[in-house]
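Commentary on secondary and tertiary structure
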Amino acid sequence: MARHLIHRLIQAALVMLVMSFLVYGLIGLMPGDPVELMAAGSPTMTPADVARLKALYGLDQPLGLRYWHWLTAALSGNLGFSRLSALPVIDTLGPPLANTAALMISSLAAAALAALPAGAVAALRHRRPLDHALNLAAFAAISLPVFWLGLVLIIIFAVDLAWLPASGVETVGGGGLVDRLRHLALPVAALALASFGHYMRYMRAAMIGTLRQDWIRTARAKGLSWAQVVLRHALRNAMIPVVTILALDLGTLFSGVLVTETVFAYPGMGKLIYDAVMGNDYNLALAGLMLATGLTLFGSLLADLLYGVLDPRIHFR
Amino acid sequence: MRQCRRFVLGLLLLICLALPGAARAQHDQLVIGISQFPSTFNPLIDTMAARDYILGLARRPFTVYDKDWQLVCMLCTRLPTLGNRMAIPETLPGGRIGVAITYTIQPGATWGDGVPVTTDDVLFTWQVGRHPQSGVANGELFRRILSVEAKDARTFTLHFDRLTFDYNAINDFQILPVHLERAAFAEPAEYRNKSLYETDTTNPGLYFGPYKITKVVRGQYVVLERNPTWWGRKPAFAKIVVKAIETTPALEANLLAGGIDMIAGELGMTVDGALAFERRNRPEWTVIYKPGLSYDHITVNMDNPALADRRVRQALLYGLDRKSMVQQIFQGKQEVANSLVNPLDWCADPKVKTYPFDPVKAGRLLDAAGWSLGADGQRRNAKGEKLSVELMTTAGMRNREVMELVCQQAWKRLGIDVTLRNQPARTFFGETVLKHAFPSLALFAWMSSPENVPRLTLYSDMVPTKENNFAGENVGGYKNPQMDRLIDAIEVQLDRDKRRDLWYRLQELYAEDLPDLPLTFRADPFILPKWLQGVEPTGHQYPTTLWVENWRVGE
C-alpha cells in the first residue's frame, strides 16, 4: 500500500511538472499580449509606453527563460504577484477558491443525493414507467444548457417571484450564513440539475449490471431479503464506477465552472482562471491550473483507495 | 421518511423566505451595475475603464473634458491659457519652444484623512509618473514635463518640452498622496504591487472626491460613502455601490430584480441588449443612447494592389448602403460615420465629403480602375484576375459579424468576390491587425478622445513593421506626406480657428483617400431609473461619475 502511494505521488509530481510547462508554453503562445491590447484601447499610450511596460512585466524575455524563473520561484514557495489584481497570488486565489468550494461541494452533494437514489430506483424498476420517467428527467437535465437554465432560474426566482437574489455571493455589506445560502441557491440548483442526469445514468447502468450478476441470485437463494441484497451487496458494488466519476470530478470542484459563474456573477475559480489566461497573468493562471491538476490527481488516488474499501477483493501491490 | 421530507421542505422555505428579498434600493443609496471589475485601483497604473469609472466618484483630475467636450478645471482653480498668461512659452536649450504652465490646486482640496492636497503631492506624482519602472500607463505625459516648480503649497508650474495645442490638458496627471504612497515607492519596480491603492484600498487618505471607497469585495462590488472632506457640492446619495456583473442578461436580470438601480453606459449593455430591454417596455427606466468614441470602420490594407487604387476604395463605400445597415442593426440609435472625427467634437467638419449609397457610381469607379464586369457577374482586370477581397473581423461579436455580412452581400452585387475570415479577438488584434497582417480589409473599432490627433493611426512612420517591433497603430500602412504635414501642423497650431481649418483639410483628405471605410460611431446605452436625475453622459472616455455631485433624486 505504502509503495503504491509513493509510486502514485512520484507520478503526480511528474505530471504536475509537465503540466506546468505545457500551460506556461500554451499561454505564452497565445497571440498578442496584454500590453498591446491595453494600448489598442487607450488613445494616449505611445509605442514607447508599450515597450517600457513589456520590459517591466518581463514580456520581452524568451518564454523558456520566463518559465525557468517562474519554476524556481514556485519551488521555493514564492508564487509571485498576480499581474491582474496587483496582489500576491495566494491572496488572489483565496476568496474565489472558497466561493467555488462552497458552490461545487453543495452542487455535487445535491446532485449525488438526488441522482444516486434515483439511478438505483430506476435500475430496480428497469423498463417500467418509473424508469422511463427518471430517464426522461435525466436526459432533459443533460440536454439543458447551463447558461439557459441559469437565466430561466433567475427570471423565475429572482425577477418574477423575487424570492432569491439574482447574482453575487452575498448582499452588499455581508448578510451572514442565511444570506450566503440564499445567494448559493440558484447557481447550485443550475449546476446540480446539470450533473443530475449524468450521475443518475451512471448509477442506473452500474446497478442494472450488478443486479444481473450470479452472486445476486445466490444471495437471494440464501434467503436474504431483497432490501438486504440491494442495500448491502448490489448498491455497494454498483458504486465502484460511480465513485470513479465522482472522484475525478474533484478537480473540477476547485477549478470552477466558467459559464455558471459568469451567468450568476459569482466570483469563483473558473472565472479567475479564465481571466488570468486571457490576461497573460502567468502566476495566477499557473497557480489556479496547478491546483486543479493536483486535485484531479488527488481525486484519482482517492478513487483507487476507495475501491479497496468498497471491494475487499482489490489489493494494492 | 415523512419527517425527513418535512425537514427538507422547511429548510428550503427558510432559505427562500427567512430574510426579505434582496434589499430594494433606497434612494439614499444608489447601486450601479457595470460589466467589469477593475484589476487595479491605482489611478496611474494600467488603463482600465472600470477603474476610471469608480475613481471618478472618489477622485478628480486637474483638467478634463466636460459633457460639451470643453476642457475645464476640476482640481485646479482656473484653466491656464496663453491668453491669461498662466501659460508662457519658453525657449529651451537647443532652441526648442516649450511652455511653462501654472496651476493652482482648489483651496478646499483635502485627502479623506484630513491632510491637504499640496504641491508635494504633485512633485511626488511626477516622480512616480516619469519613472520607467513604476508601471504607469501614460508615461508620455510625465516624460514631456521637464521639471515641476512648487510656488507655494497650492500653486505649481509645469515646464513642458514642447508647446502643442493641448498644452494645458493634464487630464492623466492623476495626483497621488505622498504622505501615504512614498513608502510604497521606495522600490519603484515594486510600486505597482505595493501601492496602498492595492494593499489598503479603503484607506480614506487615498481619495479626495465626493466619495471614498469604504469596502471592496474583489470581483463583486465596491462600496463608496460620502467623503466628509470633499470641498464641492454635497452629493445626494449617502452610499454608492458599484457592482460588477459581466453579461448583458445577468445585468438586465439584476436590474429587474432590484439588485441594481442603473446600468452604466460606459461599461454596461451593448446597444442590441438595450434595444431588447426597451422592447420589453419597462416604464420604470429611461434608456439614453449617447454616441461614443468607439469608431467602427474597415481599415484597408494599402499594400493590397487592388485596394491601393483610391477609386476601388471609394467604390466600396459607394456600393455599401450604410444608412440602411446602421438603421437595421442599431434601429436608428447610431448614425453613419463620415469621418474619423466624432460629430460631437468641435473640429468635426459638417460638410465633409459623404458617400451616399450609389451602386451605379461605384460600378463606374471600378470600371475606371480597370475592373470590368464579366458575363459571370465577376469583375476582372486586363490580366483576367478576379477582384477579390478578404474581410476580417472578431469572431463572436454579433453586430460586427452582421455588418460584415451586409458588406459581403453589397460588394458581391458590384461583382467583387468577398470572402469572410474571422478570428478570436486575441488573434485578430494581437497577430493580424496590430501586425499589419490582414490581406485586404479589417473591420474593428478605434477608441478615440476629444480632438484626438491621428498620429498613431495615420502618420507614415507609425506603420507597424518587424523592423520597428510592430510599434505604431497605422495598421493599414497608409502613407501620405500631405497627411503627415497636416498632423504635424495641427499638433502645434494654437489658434483655434486656424486649427479648425487644418482639421477640416485633414478630414477632407481622409474622406478622399479613404485609408479606412467609415461605418459608425458606437452608442453607449445608459439605463437609468426615472427617479434619478442629473446624469449627463459625456460621449468621451471621461465618465459621468466625475460629475456625481450633480446626480439627484427626482420625482
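Above this text sits the structure in question.
So, here's what we can say about the structure. (Residues numbered from 1 in each chain as written. Chains lettered and ligands numbered in written order. Predicted model: local features only at pLDDT ≥ 70, side-chain atom pairs only at ≥ 80, totals over all residues.)

**With respect to the sheet that holds strand S5 (residues 97-104) of chain B**
All names here are of chain B.
- Strand order in the open sheet formed by 4 strands is S4-S5-S7-S6, and the pairing between neighbours is antiparallel. Pairing within the sheet leaves two strands with one partner each, and these edge strands are strand S4 (87-91) and strand S6 (145-150). Within the sheet, the average angular offset between the axes of one strand and its neighbour, ignoring direction, is 20°.
- Sheet topology places S4 next to S5; 5 bridges connect them, and they run antiparallel. Residue Pro 89 lies in a different strand from S5, and its bridge partner there is Val 99.
- Sheet strands in contact with helix H3 (residues 119-130) are S6 and strand S7 (155-160), and its direction is about 160° off that of S6. (Pairing = 2+ DSSP bridges. Helix = DSSP H or I, 4+ residues; strand = E, 2+ residues; numbered from the N terminus. Axes fitted to C-alpha atoms, helices over the stretch in contact; angles between N-to-C directions. Contact = placed C-beta atoms within 7 Å.)

**Points about the nonpolar core**
- Counting residues in hydrophobic clusters, the biggest one holds 144 residues, and the most contacted among them are Phe 196, Met 200 and Met 203 of chain A together with Ile 32, Ile 240 and Ile 527 of chain B.
- Of all the elements, helix H8 (residues 176-211) of chain A adds the most residues to this core, at 17 residues.
- Setting aside its immediate chain neighbours within four residues, Ile 527 of chain B contacts Leu 255, Met 262, Ile 263, Gly 268, Met 269, Ala 274, Phe 277, Trp 285 and Val 287 of chain B.
- Of all hydrophobic cores here, the second largest spans 64 residues; its members include Ala 337, Leu 391, Phe 429 and Val 453 of chain B. (Core = buried A, V, L, I, M, F, W, Y, C linked by C-beta atoms within 7 Å. Buried ≥ 20, exposed ≤ 12 C-beta atoms within 10 Å, placed from the backbone.)

**So, the environment of Glu 512 of chain B**
Residue and element names in this part refer to chain B.
- Here Glu 512 lies in helix H17 (residues 496-513).
- According to the C-beta neighbour criterion, Glu 512 is exposed, with 12 such atoms within 10 Å.
- Between the C-alpha atom of Glu 512 and that of Leu 532, which follows or precedes it by 20 residues, the distance is 45 Å.

**Concerning the pairing of strand S16 (residues 417-423) of chain B**
All names here are of chain B.
- Alignment of strand S15 (residues 388-394) against S16, held across 7 bridges, turns out to be parallel. If you follow Val 389 over to S16, its bridge partner there is Val 418.
- For the crossover that starts at S15, traverses helix H13 (residues 398-413) and ends in the parallel S16, the hand is right-handed. (Right-handed = clockwise from strand over helix to strand, strands pointing away.)

**Remarks on helix H6 (residues 129-143) of chain A**
- Taking 1.5 Å as the rise per residue, H6 of chain A with 15 residues should run 21 Å; its terminal C-alpha atoms sit 21 Å apart, in good agreement.
- Residues of H6 of chain A that are buried make contact with helix H5 (89-124) and H8 of chain A. (Expected span 1.5 Å × (residues − 1).)

**Structural notes on the packing of H6 of chain A against H8 of chain A**
Residues and elements named next belong to chain A.
- H8 packs onto H6 with a crossing angle of 130° between their chain directions and a minimal axis gap of 7 Å. Taken together, the axis directions place H6 and H8 in an arrangement best described as oblique. The handedness of the crossing between H6 and H8 comes out as left-handed. Here Leu 134, Ala 138, Phe 139, Ala 141 and Ile 142 of H6 come into contact with H8, specifically with Leu 193, Ala 194, Phe 196, Gly 197, His 198, Met 200 and Arg 201.
- Tallied by class, residues from the contact of H6 with H8 come to 9 nonpolar, 2 polar and 1 charged. (Parallel < 35°, antiparallel > 145°, perpendicular 65-115°, else oblique. Left-handed = near helix turned anticlockwise from the far one by under 90°. Nonpolar A, V, L, I, M, F, W, Y, C, P; charged D, E, K, R; others polar.)

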